Amino acid sequence: VVGMRGRVDAPVRAAGAEPQIVGGRRVSDANTLRAVQQVSGEVRARVEAALARGRHAPPGGSERGASSAPRLGAGVDVVTSNALYSAQPVGVLSGVDFKSTGEVRRVDADKIHAYLDGGAVVLLTSLGYSASGEVYNVPAVEVAARAAGALKASKLIYLTGARLVMHSQLGGAGASALPVDQRPLVQSMRLAEARELVRHWDARSEVAAARLPETADPAARSRYESAEFVVGGLCKRCVEALSSGVNRAHLVPPAPGALLQELYTLDGAGTLIAYDVYDGIRIATAADVPGIAELTAPLEEQGVLIPRPLHELTRDVHQGFYYVLTRDANILACAMLKRYALDCAELGCLVVSPRYRKEGRGDSMLSFLERTAISAGVSRLFALSTRTMQWFTERGFVEVPVSELPERRQRTINLARGSKVFMKGLNSPRELDAEELFWAADAPQSRQARGG
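Thresholds, definitions, all that
Residues numbered from 1 in each chain as written. Predicted model: local features only at pLDDT ≥ 70, side-chain atom pairs only at ≥ 80, totals over all residues. Heavy atoms only, no water. Core = buried A, V, L, I, M, F, W, Y, C linked by side-chain atoms within 4.5 Å. Buried < 20%, exposed > 50% of the residue type's maximum accessible area, 1.4 Å probe, protein only. Helix = DSSP H or I, 4+ residues; strand = E, 2+ residues; numbered from the N terminus. Contact = heavy atoms within 4.5 Å. Phe/Tyr/Trp six-rings, centres within 6.5 Å; stacked < 30°, edge-to-face > 60°. Polar contact = N/O pair within 3.5 Å; in protein donor to acceptor, adjacent residues only side chain to side chain.

(A) View of the nonpolar core. Ranked by size, the top nonpolar core spans 26 residues in total, and within it Leu156, Tyr158, Cys235, Leu242 and Ile273 carry the most contacts. The set of elements that each furnish at least two residues to this core consists of α4 (140–151), β13 (155–159), α5 (191–211), α6 (218–243) and β15 (248–252). Not counting residues within four places of it along the chain, the set of residues in contact with Ile273 comprises Met189, Arg190, Ala194, Cys235, Cys238, Leu242, Asn247, Arg248 and Ala249. Of all hydrophobic cores here, the second largest spans 24 residues; its members include Leu381, Phe392, Phe422 and Leu426.

Shown next, in the form of structure tokens:
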């Protein structure tokens, strides 16, 4: 999906008109629509030309009469069409007629999937068409978010110069006193945090817009709209996409190597917004004790878990060691996180209800507790197991001798059970974000199947 916002103003002014942007949305009169059509054609031609470049194939080949000289291979097929998504007019908002500005009405996901499965690159632009033949200027950021949601894409990536930086309301004390370009970048957020940030921006933008008169200096209005609408608008589109089934959204700067750095390094280059796979997980309360006991009882009878007297379970819950994953007041999973040293904690009693296994619930609990441990300064997490060794190994745990445990835990371990000890080093939340890529790929489908 190619954006053109920064390239449209010049041809509009060349036609003797002044660009109109209200509330972050462009008013598309006749001059503006012509400019969008012109720029769209230019951008489309440049993208197709870039992807048409063949790479040199090795000499020879299996074809009859193949030359021994190097050959120029074929480029990438690019598909664009007026029927990949349909548009409808925005209409009149707050008394402003946006004319030919449109919004996405429907994305033809089946048709796009067919082209993608055939190895083609699908190119979408801001030109949207209605069933009655009208042409509309649809914001590219909206097209991208709606297409990603319809396709149930694993990722939505925006290449943008806008930076999501730390402010005091995000936990960076004193950060808002620094110049914008010196404030620390927000590396990652969960969906719930992004939703709250969007609500904050919406309220703040309404107040700022009301205070900014229509006759304000164009430079001041431009600064306001850049600061409030670009980053806030992108975050809003990310939230919409994640709410529609996309796993992750990224805001990446348009710099050489930034995309690779964002996707393949722990620190990244921009901001990651991830679906909240921890929805429903909370610290257990006394009211949860019967449900936890009921959930763990079958595994205690099988000898997988050590039987815990009810008074011990109640004590551990009261001390804040237990966490539960609930839905509609029902406990679907539980786990214990108990600290034995400043840098070391134990993960125990990780149990998922048989009805909800193979849906990533155990992974959600593990990742949530790992994040909780990291935030508390824990750098080593260990677990004891007699039956689920492979599960822990697949998630980065390494078998270690009992002597690696904190002394306090060594004194209480029942060596007669023959439990194996697995330990994992904890580094940063971004590393956990990377790990979730391998087990959250089916999250949208699972959420749909659960009706969530």
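(B) Looking closely at the packing of aromatic side chains. Inspection of the entire model under this criterion finds 5 aromatic pairs. Judged by centre distance (5.2 Å) and plane angle (90°), the ring pair of Trp391 and Phe392 falls under edge-to-face. Here Trp391 falls in the partly exposed class, since its relative accessible area comes to 23%. Judged by relative accessible area, which is 7%, Phe392 ranks as buried. When the ring of Phe392 is compared with that of Phe422, the centres are 6.4 Å apart and the planes differ by 20°; the resulting orientation is stacked. Taken together, the residues span a long stretch of sequence, with Phe392 in helix α11 (residues 389–393) and Phe422 in strand β23 (residues 420–425) at a distance of 30 residues. Exposure remark for Phe422: the relative accessible area of 2% places this residue in the buried category. Three or more aromatic residues joined by ring pairs make a cluster, and in this case those are Trp391, Phe392, Phe397 and Phe422.

(C) Structural detail: the side chain of Asn137. Structurally, Asn137 can be placed in strand β12 (residues 135–137). Judged by its relative accessible area of 8%, Asn137 is buried. Side-chain polar atoms of Asn137 contact the side chain of Ser28, separated by 3.0 Å. If sequence neighbours within four positions are ignored, Asn137 has contacts with Arg26, Ser28, Leu33, Val36, Ser100, Thr101, Gly102 and Ser126.

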